[in-house]
Amino acid sequence: MTSTKLKVTGIDLFSAGAFNEGEGDETLVLQDPAQGVYKKLVIRDNRIKGAVMYGDTMDGTWYFQLLREGTDISSFRNTILFGQHDLGDAGHGEETRVVKLSDDAEICGCNGVCKGDIVKAISSKGLFTLDEVRAHTKASASCGSCTGMVEALLASTVGEGYSAAPSKKAMCSCTERSHDEVRRAIREDGLKSMRGVFDTLGWKTPDGCTSCRPALNYYLLAAWPGEYEDDAQSRFINERAHGNIQKDGTYSVVPRMFGGLCTANDLRAIADVSDKYQVPEMKVTGGQRIDLFGVKKEDLPAMWKDLSAAGFVSGHAYGKALRTVKTCAGKNWCRFGTQDSTGLGVQLEELTWGSWMPHKFKLAVSGCPRNCAEATIKDLGVVCVDSGYELHVGGNGGIKVRITDLLCKVASEAEVLEYTGAFVQLYREEGHYLERTAPWVERVSLGYVKQRIVDDAAGRMELYERFKYSQQFAQVDPWRERAEGAEAHEFTPLHIDPMRAAS
Amino acid sequence: MSDWIAIAQLEDIPQLGARKLQTESLDIAIFRTGNDQVFALRDRCPHRGGPLSQGIVHGQAVSCPLHNWKIDLQSGQVQGPDEGCVHTYAVKVEDGVVYLSLAAAESAA
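Residues numbered from 1 in each chain as written. Chains lettered and ligands numbered in written order. Predicted model: local features only at pLDDT ≥ 70, side-chain atom pairs only at ≥ 80, totals over all residues.

(A) Region of the structure containing the overall build of chain A. Within chain A, the regular secondary structure consists of 18 helices and 17 strands. A compact globule built from 503 residues should have a C-alpha radius of gyration of about 23 Å, and chain A, at 25 Å, falls within 12% of that. Residue burial in chain A is summarised as follows: out of 503 residues, 43% are buried. (Helix = DSSP H or I, 4+ residues; strand = E, 2+ residues; numbered from the N terminus. Rg over C-alpha atoms; globule rule 2.2 N^0.38 Å. Buried ≥ 20, exposed ≤ 12 C-beta atoms within 10 Å, placed from the backbone.)

Okay, structure coming up:
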């Protein structure tokens, strides 16, 4: 089942499921011709069967979720047409539920903010928007999963003064332009530098901010492979230092192990490096790689030199980039395996490693539908079956688990590589920075992705070719470069030299 | 003042970037803005001790790499609505050489 979002001459349209009512169905309609808004839900047994809307399609994804999950809507049927914000996004009747909580009830688990703190900040500081509450209390400012409850508290505390206006679509406060507008201008106006974007698009700040600079750096890199020169100072520290900064300022190091395969020599080399640099802790990651924690920044290049000599490249565990291809044992060993999932995983990782993405990107290959590699919660997951390969897209674990949608089934490993490369490239070209494939697929609709990747064979080939073209510039191991002396200032502290003291 | 210490060439510090200066007792972050102003602050965020030298420099501020607290490079003041202050040190650039004075170390409380 799919949903469709269209823009026809500037009007937003959304449809999903069976939106023409049949016998025994009920319909709920909200119509406001003056504002150009129309919403219709087709209901049967208090479950949504279909939805069609134009003018205001903000809640399309929510209706579609209720439809797919077969949620019983009877408890909020009387307000369903007003949209999800009327309820709060963590559940139904959020507002009444939150109001009944005691003041010491924890609302935001990430930052340990209780209901009383939030209500007090709202009333004493005169806060009216979600952003203000986030800024002052930190509630909902980290993972965002309590946003619905915080909005409900705002609504109940300030009453009519609260406006649940959609958060503005500008990239950040440095510009009025949206992500899509900026990307289009980069392409169409041939903007090839950060300065060019700031000047041409009238940036309001002299050199951007922590939101727009990393986004622009990615957009420029994706638009002009081989031409745009990466701007290290516009990358978050993890991508600048090619390791994950930890709370004590040390870094963690994850060598790439293609498809999760390794040899005794690989493990020996990692053990040797761990001894030599006195790594305090090692851990196997969720993506089947080995993480070395607690490395001093100054030691990184030397450690990378040793890893590089043993044949390792960066695992990019720190980046908005291709992370890992997780695999199961596959038919070479497993008595249930239908295909060589490990070998295919290695090929996929060799194809995709090093590529920068709007957000992190994870792959997995399972050798049979038992799906031991958990391929259906990955950005792209391959589930092998006897007759070929199912390609699943748009999944993730994390704050809000999303199960993949089935994109299509293909017959050969070569097709898996081609479709994967094309899908990755479509996401690289059209996803917003920091938007994972799960919300991206929901925003553009699975139907659109299928049309671009499955139906349009010529377009798919072009996407695949563009991906392979950009990979020739991306597949340069950043660890080896730095081990050989690149960006030395990043890893070398200054010292006070008494001989240089001046009068 | 006779306590100016030459610590680096201006070009040793990347534009819109920083270098960490290690001393025996503490780390100092030396920042260079987009228009080549240089600032020195203690390399420690008042929030959770994050190394400010690793943050993104924008305008005349740096954002801490750990939790994105924003600190004004001139005053060392944390930008609202967060609250706090970072020690600042006097710096000057002459003939492309960056000088630091540790005498003012305790001035910004």
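Continuing now.
(B) How the structure looks around the interface of chain A and chain B. With 24 residues of chain A in contact, the opposing surface of chain B contributes 31 residues. Listed by contribution, the elements that provide at least two residues to the side of chain A that touches chain B are α4 (130-137) and β17 (494-495) of chain A. Residues that form the side of chain A that touches chain B fall into these classes: 11 nonpolar, nine polar and four charged. With two bridges joining them, β17 of chain A and strand β2 (residues 17-22) of chain B adopt parallel strand pairing. Looking at the pairing, His495 of chain A lines up with Gln22 of chain B of β2 of chain B. (Contact = placed C-beta atoms within 7 Å. Nonpolar A, V, L, I, M, F, W, Y, C, P; charged D, E, K, R; others polar. Pairing = 2+ DSSP bridges.)

(C) Quick look at the sheet that holds strand β9 (residues 251-253) of chain A. All names here are of chain A. Taken together, four strands build an open sheet; the order of strands is β8-β9-β11-β10 and the sheet is antiparallel. The sheet is open, and its two borders are formed by β8 (244-245) and β10 (281-284), each paired with just one other strand. Bridge count for β9 against strand β11 (residues 290-295) is two bridges, and the pairing is antiparallel. When the bridges of β11 are listed, Tyr251 appears paired with Val295.

(D) Seen up close, helix α8 (residues 212-223) of chain A. Residue and element names in this part refer to chain A. Given a rise of 1.5 Å per residue, 12 residues ought to cover 16 Å, and the 16 Å separating the end C-alpha atoms of α8 matches this to within 8%. Most of α8 sits out of view: 11 of its 12 residues are buried. All buried positions along α8 are accounted for by Cys212, Arg213, Pro214, Ala215, Leu216, Asn217, Tyr218, Tyr219, Leu220, Leu221 and Ala222. (Expected span 1.5 Å × (residues − 1).)

(E) Looking closely at unusual backbone geometry. In this structure, Gln278 of chain A takes a positive phi of about 50° despite not being glycine. Inspection of the secondary structure assignment puts Gln278 of chain A in the loop between α10 (264-276) and β10. Accessibility expressed as a C-beta count within 10 Å gives 10 for Gln278 of chain A, which makes it exposed. You will see that Asn68 of chain B, though not glycine, has its phi angle at about 65°, which is positive. Positionally, Asn68 of chain B belongs in the loop between β6 (61-63) and β7 (70-72). Asn68 of chain B gets classed as partly exposed once you count the C-beta atoms within 10 Å, which come to 17.

(F) Spotlight on the pairing of strand β9 (residues 97-101) of chain B. Residue and element names in this part refer to chain B. Pairing geometry for strand β1 (residues 4-9) and β9, over five bridges, is antiparallel. Looking at the pairing, Ile5 lines up with Leu100 of β9. As judged from the five bridges shared by strand β8 (residues 88-94) and β9, these two strands associate in the antiparallel manner. Of the residues in β9, the one forming a bridge with Glu94 is Val97.

(G) Spatial organisation of the packing of helix α3 (residues 115-125) of chain A against helix α5 (residues 147-158) of chain A. Residue and element names in this part refer to chain A. In the contact formed by α3 and α5, the axes pass within 10 Å of each other and the chain directions differ by 45°. When the interaxial angle is binned, α3 and α5 end up oblique. Viewed along their axes, α3 and α5 form a crossing whose handedness is right-handed. Between α3 and α5, the contacting residues are Lys115, Ile118, Val119, Ile122 and Ser123 on the first element and Val150, Leu153, Leu154, Thr157 and Val158 on the second. Per-class residue counts for the contact of α3 with α5 are seven nonpolar, two polar and one charged. (Axes fitted to C-alpha atoms, helices over the stretch in contact; angles between N-to-C directions. Parallel < 35°, antiparallel > 145°, perpendicular 65-115°, else oblique. Left-handed = near helix turned anticlockwise from the far one by under 90°.)

(H) Structural context of the nonpolar core. Counting 59 residues, the largest nonpolar core has Tyr219, Val365, Val382, Leu391, Ala422 and Phe423 of chain A as the members making the most contacts within it. With eight residues, α8 of chain A is the single largest residue contributor to this core. Beyond its immediate chain neighbours, meaning those up to four positions away, Ala422 of chain A contacts Ile453, Arg460, Leu463, Tyr464 and Phe467 of chain A. Ranked by size, the runner-up nonpolar core spans 54 residues in total, among them Trp304 and Leu307 of chain A together with Ala61 and Val78 of chain B. (Core = buried A, V, L, I, M, F, W, Y, C linked by C-beta atoms within 7 Å.)

(I) Fine view of the environment of Ala103 of chain B. In this structure, Ala103 of chain B sits in the segment after β9. With 99 residues separating them along the chain, Ala103 of chain B and Trp4 of chain B place their C-alpha atoms 8.8 Å apart.

(J) Region of the structure containing helix α1 (residues 60-69) of chain A. Residue and element names in this part refer to chain A. Buried within α1 are the following residues: Gly60, Tyr63, Phe64, Leu66 and Leu67. Looking down the long axis of α1, one finds its buried residues gathered within 160° of arc, a one-sided arrangement. In the stretch just after α1, Gly70 is the one whose phi turns positive, near 60°. (Arc of directions from axis to C-beta.)

(K) Structural view of the packing of α10 of chain A against helix α11 (residues 300-309) of chain A. All names here are of chain A. Axis separation between α10 and α11 bottoms out at 10 Å; the angle between their running directions is 160°. Between α10 and α11, the angle falls in the class roughly antiparallel. Relative to α11, α10 is oriented so that their crossing is right-handed. For the pair α10 and α11, contact is made by Ala269, Val273 and Lys276 and by Met303, Asp306 and Leu307, respectively. Residue classes in the contact of α10 with α11 are distributed as four nonpolar, no polar and two charged.

Function cannot be read off these values alone, since they describe shape.
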